[in-house]
Amino acid sequence: MSPPISRRGILRGTLGGGTVLVGESCAPKIVGERAEAPSLPAVGDAGPASHALEFTVNGAARSITVDPERTALELVRRDLGLTGCKEACGHGACGACSVLLDDVPVAACLLPAVALHRRKLVTVEGLAPAGELHPVQRAFMAEDALQCGFCTPGFVVAASAFYTRWRAEHGDAEPDRDTVAAALAGNLCRCAAYDGIIRAVQKASSGAYEKPPGPEPAPPRYDARDKVTGAAKYTVDVQLPGQLEGKILRSPHAHARVRKVDWSKALALPGVFGAVDLLHGGTTLRFVGQEIAAIAAIDARTAEAALAAIELDLEVLPPLVGMDAARAPGAAPVYPTRNTRKSAPNASEGPLLPLGWDGNVRGPFQLFSTAKLKARRAVARLREAPAEGVLVEGTYKTQVQCHTALEPHACVARWTDDDAVTVHLSTQGVHAVAEDIAERWGLRRDRVRVLAPYVGGGFGAKVTLQLECVAAVELARITARPVRVVLERREELTTGGLRPAQEIELAVATDRDGYLQGVTARAFADAGCSVGSTSTVLMRLMYAKAPKDIADWDVVNHAPPGKPFRGPGGPPVFWALEQAVDIAAERLELDPILLRKRFDPNPARNHLYDWALSLKTWRERQPAQSDRGRFRRGMGLAVGGWFYFVQPSARVQIDAGPDGIVASTACQDIGNGTRTVIAATVAAVLGLAPADIKVEIGDSSLVPGPTSGGSRTTASLVPAATMAAEQLRDELLERAEQLVGARGVAVPGGVRHPRGVVTWQQLLAGSPPLRFVGTRKRDKGGYFLPPMADIAPGRYVAGSLQIIEVEVDTRLGKIRVLRSHTGIAAGHIVAPALARSQALGGVIQGIGYALYEERRLDPNTGALLTGGLEDYRIPGIGDIGELDVHFVEDGYERVNGRSVGLAELVTLAPAAAIGNAVAHATGFRPRELPLRPDRVLQGLRG
Amino acid sequence: MTALELPTTLDAALGRPGELRAGGTDLTERRRLDLSRGTVIDLRDVPGLDAITWREGQLHLGALVTLAAVAAHPDVRARYPAVAATAAAVATPQIRARATVGGNLLQHVRCWYYRRPGADCLKSGGSGCPARSGDHLFHACFDLGPCVAPHPSSLATALLAYEVRVEVAGDREHTLASLYGDGSDARRHHMLPPGALLTGVLLGPPLAGEQAAYVRATSRARAEWPLVEVVVRLAVAAGRIDTARVTVGGVANLPLRLAAVEALLVGKPAHEATLAAAAAVAAEGAKPLTHTAYKLDLLRGAVLDALERALAHTPTAATPAKTPEPSPDKPATAEPT
């Protein structure tokens with residue numbers, strides 16, 4: 001008996017309840033069935049291995065026999081076990097599977113295995129002799145050209161070929177940025193570590209990273225070596241003995257009633273081991289791709305064949321696709337009853353508050369309004385008497401953006417006992433999800449172990465317990481075998497998570513001197529069949545003293561549900577608000593920064609305003625619409641603000657003894673640098689190098705660690721790690737005193753006493769094992785709200801300021817980002833190289849949101865059209881321009897650790913800055929994202 | 001389930017039921033999507049199809065020559081710069097390393113209604129075009145037939161600007177026009193009969209002092225299908241445009257040659273006003289779908305861009321040793337317009 005997936009968000013300490021549970025009732029029982037006597041299939045993945053191949057792989061000759069449908073990717077990963085070669089898109093768009101075929105990079109996913117015959121294959125594992133590094137790998141480490149590391153082997157492979165070619169032709173000359181970008185145009189990085197990648201390849205190609213005479217230097221990122229060599233094992237790389245492959249049957253219709261699901265024929269197929277129901281008692285399907293059932297089989301092709309053999313008896317019903325259809329008069333309600341409304345998935349980070357429904361429109365949510373009437377009156381007055389001030393009104397629209405981390409949602413579950421399960425999971429919260437699993441399956445917490453040593457990106461989509469995990473755990477239980485469920489890219493782009501589309505009707509009123517009198521906003525969110533968008537709270541955060549009448553509505557329709565996505569609600573809100581502020585500045589003929597200073601009491605951002613005003617590039621920007629030719633340049637600015645969270649339960653444990661110092665916590669690295677932050681923090685207390693500290697994370701059996709969501713990892717871990725390290729230091733000081741008979745002082749590396757220095761290692765050599773657990777103490781002055789179920793909103797707001805320069809091609813409608821300047825006020829920066837990379841990645845994701853990314857559904861059937869990374873276009877390495885980051889580290893003195901997190905902050909303002917830059921360049925004021933060429937041309941032509 | 005054949009001679013590859021595979025960059029995905037079933041006839045071991053050679057002043061591209069090889073070949077770059085530029089702009093370096101001339105010309109459409117599991121459209125055996133009544137933002141603006149997916153081959157757009165003979169084993173020699181038909185048969189991706197094998201293309205001689213350009217209108221810098229693409233070849237003598245070829249892709253279910261644009265160029269002075277007047281008629285005859293009217297504007301802009309860039313080029317000077325002198329351009333033959 002399993003309870004349903006929790007719909008609680010923040011109250012659980014997990015960020016986001018965007019689990020897909022779309023049933024009529026919350027029947028707790030998951031129904032499954034085991035195949036009576038599973039027999040091995042006649043044909044399958046491993047099927048008629050009829051074609052003999054001879055080739056060399058990483059220098060060694062191999063003979064292997066393969067079946068005709070096998071790709072080189074399958075051969076490399078499964079038959080050869082070389083898992084540095086990653087599958088991410090499956091159709092040649094991302095380059096994560098790049099390998100060298102006769103020294104030329106190719107996409108292994110599109111390469112038939114038989115093409116390897118009599119050829120030379122090199123994977124990331126074979127770029128350098130064992131134990132050594134290729135210069136490109138060394139450069140990636142030193143320049144921190146990576147985050148989560150999932151795409152890194154593919155980049156390294158492609159770059160190694162460029163390195164060889166370039167050096168043969170140009171010697172030690174350094175290639176320019178665009179030359180590198182052209183060579184790496186076949187590789188995508190969702191974390192967008194592109195700036196570091198370009199720098200690394202430029203430097204490696206100019207000979208700057210040839211083999212050093214001494215030992216390899218330690219990289220700024222603690223786990224960089226495992227990531228650049230392909231040694232880092234992600235969930236998708238887990239291969240357990242007897243492991244089955246699970247596949248999910250999904251709704252082919254946007255709206256249908258399920259009469260019957262009959263999997264008997266599927267279970268009778270050879271190689272099929274079991275099936276589980278994923279409807280949870282629900283009978284209505286509300287989007288194309290909704291999970292219905294899952295099958296475990298000997299391999300993926302057998303599982304897919306079994307899915308096709310499931311008999312579905314559906315009553316197909318007319319769908320409502322998109323907000324306009326759902327709001328149309330007479331539109332049938334997507335959730336017709338109170339009970340069904342309660343089953344709507346939660347797209348938000350927080351708990352769902354009870355709100356009214358009007359047909360398919362849920363809301364208003366207006367908890368964060370302040371001086372509502374005053375705001376309304378200020379707007380109404382200016383409508384009557386426009387001369388009394390400036391009123392900027394307009395509707396701003398944004399599109400659905402998909403998280404689409406390059407490692408898809410993936411889970412390998414194995415029951416180790418009747419009441420114990422080990423779950424390998426690509427997750428942002430090993431600790432929280434282990435608790436969710438224990439609760440859901442009624443297990444003792446210590447009988448659940450969630451493992452995630454490396455996670456290939458998350459961005460908010462992997463925070464909670466989700467159906468790939470439910471399916472794997474249930475299938476593993478029913479079949480008594482380990483079961484792996486990995487989403488394909490199309491599934492990832494369907495249910496893997498998305499930022500809702502928004503329409504925001506905004507009015508900003510100022511007096512004649514440019515002082516803010518009021519803001520009114522009505523925000524309508526399209527999170528498909530899910531609810532809970534609360535984006536306008538961010539308008540409360542910004543320009544905090546002004547009267548605000550701000551409200552959110554959900555418009556439910558037959559489309560996939562949303563999940564919290566890096567800065568949930570932020571990019572749409574800032575797209576509207578920050579453009580409106582710029583319009584007001586134009587009308588008032590004021591510098592947009594000076595106007596914001598009038599609006600904005602926030603000390604963090606005021607630091608940033610002063611920084612921006614001091615920038616030559618800002619001071620000397622050309623007047624609006626200076627260029628009159630085909631290519632027009634402009635500069636835009638926007639600011640952002642973000643909450644600051646900590647997880648009070650977060651702990652870091654230090655174990656120390658003769659074997660060294662180990663710091664551990666049940667946190668995980670999703671590319672944000674968790675290991676680095678812990679190692680750097682502990683090492684700083686002891687005056688050691690980070691590499692001297694062994695870090696263990698990604699395991700729920702360790703002391704509780706924070707979920708990597710809500711920009712809380714660093715802010716939660718640094719104080720805990722500091723505390724544990726200080727306890728160790730103090731203990732060792734006492735030991736030193738006993739040892740040498742005099743009180744010493746801690747110095748880098750050990751204890752200085754009257755007769756010399758005794759090192760930490762010497763002190764630990766004769767020591768029994770020591771253990772200290774540091775906690776995350778509350779901030780001075782407490783939190784903004786008391787911690788609710790393990791998450792505390794801080795009293796402080798982090799600030800960002802974004803300047804972007806663009807060039808608009810008025811003939812072809814193309815916008816090119818030339819340069820971006822990012823100012824960040826998020827307190828103390830623990831790991832500068834990593835913080836910079838993360839900040840630039842957030843900016844580049846914002847560029848993608850502004851210019852390219854757009855999930856599109858068929859308007860008639862609700863089917864996903866942008867189902868791959870060819871059609872769902874994330875930014876490439878050539879789309880980023882030049883970027884710089886400026887950190888203002890002042891402030892936040894009352895915050896324990898003085899760090900408040902920046903992951904989300906940095907992605908809020910880029911789209912708005914680009915909108916303002918386009919208007920500055922051309923006079924065309926964009927309202928709708930993304931800024932595709934057709935929209936630009938239309939806007940320019942009026 | 002499925003069979004794989006690896007013939008070792010051209011003859012052995014002909015007349016067999018199944019689908020031919022060259023680089024596999026298109027077919028591999030279609031196999032996975034179940035858009036291709038049955039036997040695969042892989043050309044891995046068929047010799048003699050992967051060379052770029054001169055034949056009596058004309059350049060022959062073997063069917064198995066990769067796009068990377070086309071883009072990098074010194075003679076192609078020198079004498080057929082628009083072909084080299086087009087090949088270099090396709091897809092990604094990893095794809096170009098495997099994708100072939102033959103495969104690129106005969107690949108299937110990239111329509112997002114076609115390339116998905118359970119596709120139900122004219123090309124996948126269904127009865128209607130869901131793009132026409134659905135989301136066709138990136139589809140045709142010249143509505144030539146029931147299928148409105150843009151023709152996927154950029155190389156075809158470039159080759160259409162030349163006199164091209166398409167060599168086919170197991171069928172007659174084709175022009176690009178006869179290779180693709182008139183776009184009215186939505187079920188076909190090309191007009192070759194089953195069992196035939198495209199072995200290569202022979203490009204007519206380049207013009208004396210040819211100036212060429214390729215423009216690909218996209219959102220991102222690279223690795224993207226074109227919204228509109230244009231190939232221009234101009235021969236200019238004594239300040240006048242003697243010969244003009246303007247072909248476009250991304251706008252119809254066939255690559256198109258813009259005769260109206262060419263007519264306004266030939267015999268006119270080679271200056272900006274001529275180019276502007278010619279580009280202005282680029283969308284003549286277009287019949288956009290509900291959401292593709294923007295492509296008319298884009299097409300005029302891209303044609304003007306390509307004309308300007310072609311005119312600004314200096315004529316290709318250096319002649320590789322083995323390159324014979326080109327013969328004058330022949331009159332146009334019937335090709336899709």
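Numbers given for residues are sequential positions, taken from 1 along each chain in its written order. Note on labels: chains are lettered from A, ligands numbered from 1, in written order. Only residues with pLDDT of at least 70 get local features here, since the model is predicted, and only at 80 or more are side-chain atom pairs given and counted; chain-wide, interface and lining totals rely on the full set of residues. Calculated side-chain values reflect all of the structure's heavy atoms, with hydrogen atoms and water omitted.

Where an unreviewed UniProt entry is consulted, chain B appears under the name FAD binding domain-containing protein, with the organism given as Nannocystis bainbridge.

As recorded by an unreviewed UniProt entry, chain A carries the name Molybdopterin-dependent oxidoreductase and is attributed to Nannocystis bainbridge. UniProt positions are given in the numbering used here, feature names are shortened, and annotations may be inferred rather than shown by experiment. The UniProt entry for chain A carries this comment under Sequence similarities (unreviewed entry): "Belongs to the xanthine dehydrogenase family."

Enquirer: How should I be thinking about the overall build of chain A in this particular structure?
Expert: A run of DSSP states H or I qualifies as a helix once it reaches four residues; a run of E qualifies as a strand once it reaches two. Both are numbered from the N-terminal end. A count of helices and strands for chain A gives 25 helices and 37 strands. The globule rule puts the C-alpha radius of gyration for 942 residues at 30 Å, and the 28 Å found for chain A is close to it. With respect to the three principal axes, the spread of C-alpha positions in chain A is 85 × 80 × 60 Å. Only protein chains enter the area calculation, which uses a 1.4 Å probe; residues under 20% of their type maximum are buried, those over 50% are exposed, and those in between are partly exposed. Counting over 942 residues, chain A shows a buried share of 66%. Long-range pairs, those at least 24 residues apart, make up 78% of the contacts in chain A between residues at least 6 apart in sequence. Radius of gyration means the value over C-alpha atoms here, while the globule rule gives 2.2 Å times the residue count to the 0.38 power. Any two residues whose heavy atoms approach within 4.5 Å at even a single point are treated as in contact.

Enquirer: How do you make sense of the packing of helix α3 (residues 152-170) of chain A against helix α5 (residues 194-205) of chain A when you look at a structure like this?
Expert: Describing two packed helices takes the angle between their axes plus the distance from one axis to the other. All names here are of chain A. In this analysis, axes come from line fits to C-alpha atoms, helices being fitted only over the stretch in contact, and the angle between any two N-to-C directions falls in the range 0 to 180 degrees. Relative to each other, α3 and α5 sit at 35 degrees, their axes nearing to 9 Å. For the pair α3 and α5, the crossing hand works out as right-handed. Contact residues: F155, A159, F162, Y163, W166 and R167 in α3; Y194, I197, V201, A204 and S205 in α5. Each residue receives one of three labels: charged for Asp, Glu, Lys and Arg, nonpolar for Ala, Val, Leu, Ile, Met, Phe, Trp, Tyr, Cys and Pro, and polar for the others, Gly being one of them. Tallied by class, residues from the contact of α3 with α5 come to 9 nonpolar, 1 polar and 1 charged. By definition, any crossing whose near helix is turned counterclockwise from its far helix by less than a right angle is left-handed, and any crossing with a clockwise turn is right-handed.

Enquirer: How should I be thinking about α5(A) in this particular structure?
Expert: Residues separated by three or four positions in an α-helix point in the same direction, a consequence of the helix having 3.6 residues per turn. All names here are of chain A. Expected helix span is computed as 1.5 Å times (number of residues minus one). Taking 1.5 Å of rise per residue, 12 residues should cover 16 Å, and α5 covers 16 Å from first to last C-alpha, within 8% of that figure. Within α5, the full set of buried residues consists of Y194, D195, G196, I197, I198, A200, V201, Q202, A204 and S205. The elements touched by buried residues of α5 are α2 (135-142), α3, α4 (177-183), α23 (832-851) and β37 (882-887). G207 sits one or two positions beyond α5 and adopts a positive phi of about 90 degrees.

Enquirer: Is there a simple way to explain the packing of α23(A) against helix α24 (residues 910-922) of chain A in this structure?
Expert: Residue and element names in this part refer to chain A. Contact geometry of α23 with α24 gives a least axis separation of 8 Å together with a crossing angle of 55 degrees. Put simply, α23 runs oblique to α24. By crossing handedness, the relation of α23 to α24 is classed as right-handed. For the pair formed by α23 and α24, the contact residues are G842, V843, G846, I847, Y849, A850 and L851 on the first element and P910, A911 and I914 on the second. Roughly parallel refers to an angle under 35 degrees, roughly antiparallel to one over 145, roughly perpendicular to one between 65 and 115, and oblique to any angle outside these ranges.

Enquirer: Looking at this model, I keep getting lost on the nonpolar core. Mind explaining?
Expert: Proteins that are soluble and globular tend to have nonpolar side chains buried together. As used in this record, nonpolar core signifies buried Ala, Val, Leu, Ile, Met, Phe, Trp, Tyr and Cys residues forming a set joined through side-chain atoms within 4.5 Å. Counting 164 residues, the largest nonpolar core has A:F140, A:Y194, A:I197, A:L506, A:I914 and A:L931 as the members making the most contacts within it. Domain start and stop points were drawn from an automatic or database domain assignment. Mapping this core onto the domain boundaries places at least three of its residues in each of domain 1 (587-644 + 796-941) and domain 2 (646-792) of chain A. Not counting chain neighbours up to four residues away, the residues in contact with A:I914 comprise A:I804, A:V806, A:V817, A:I847, A:A850, A:L851 and A:L931. In terms of nonpolar packing, the next biggest core, distinct from the first, is built from 112 residues, A:F55, A:L101, B:V83 and B:A156 among them.

Enquirer: Would you explain the environment of A:K372 in this entry?
Expert: Residue and element names in this part refer to chain A. Note on placement: K372 falls in helix α11 (residues 372-384). Between the C-alpha atom of K372 and that of I550, which follows or precedes it by 178 residues, the distance is 7.9 Å. Setting aside its immediate chain neighbours within four residues, K372 contacts Q366, K548 and D549.

Enquirer: Just to check I follow, could you spell out the environment of A:L317 for this structure?
Expert: Structurally, A:L317 is set in the loop between β12 (311-316) and α9 (323-327). When residues no more than four places from it in sequence are discounted, the contact partners of A:L317 are A:H255, A:A256 and A:R257.

Enquirer: Would you explain the domain arrangement of chain A in this entry?
Expert: You'll often see interface size given as the accessible area lost when the parts meet. All names here are of chain A. Per the domain assignment, the segments making up chain A are domain 1 (587-644 + 796-941) and domain 2 (646-792). For domain 1 versus domain 2, the distance between C-alpha centres works out to 37 Å. Taken residue by residue, the interface counts 18 residues in domain 1 and 19 residues in domain 2. In this assembly, domain 1 packs against domain 2 so that about 1,300 Å² is buried in total across both faces, 55% of it on carbon and sulfur atoms. Definition used for salt bridges: Asp or Glu carboxyl oxygen within 4 Å of a side-chain nitrogen of Lys or Arg. Linking domain 1 with domain 2 are 0 salt bridges. Buried area is understood as the total, over both parts, of accessible area removed when two parts are fitted together, assessed with a 1.4 Å probe.

Enquirer: Would you explain the sheet that holds strand β8 (residues 210-217) of chain B in this entry?
Expert: Whether parallel or antiparallel, the strands of a sheet pair through hydrogen bonds between backbone atoms. All names here are of chain B. For two strands to be treated as a pair, DSSP must find at least two bridges joining them. Ordered by their spatial adjacency, 4 strands build an open sheet running β8-β9-β10-β11, and the pairing between neighbours is antiparallel. At either end of the open sheet lies a strand with only one pairing partner, and these are β8 and β11 (256-257). Sheet topology note: the strand β10 (residues 240-249)/β11 ladder contains 2 bridges and is antiparallel. Within β11, the position partnered with V248 by the bridge is L256. Strands in contact with helix α5 (residues 81-89) are β8 and β9 (228-237); relative to β8, the strand with the most contacts, it is inclined by about 20 degrees.

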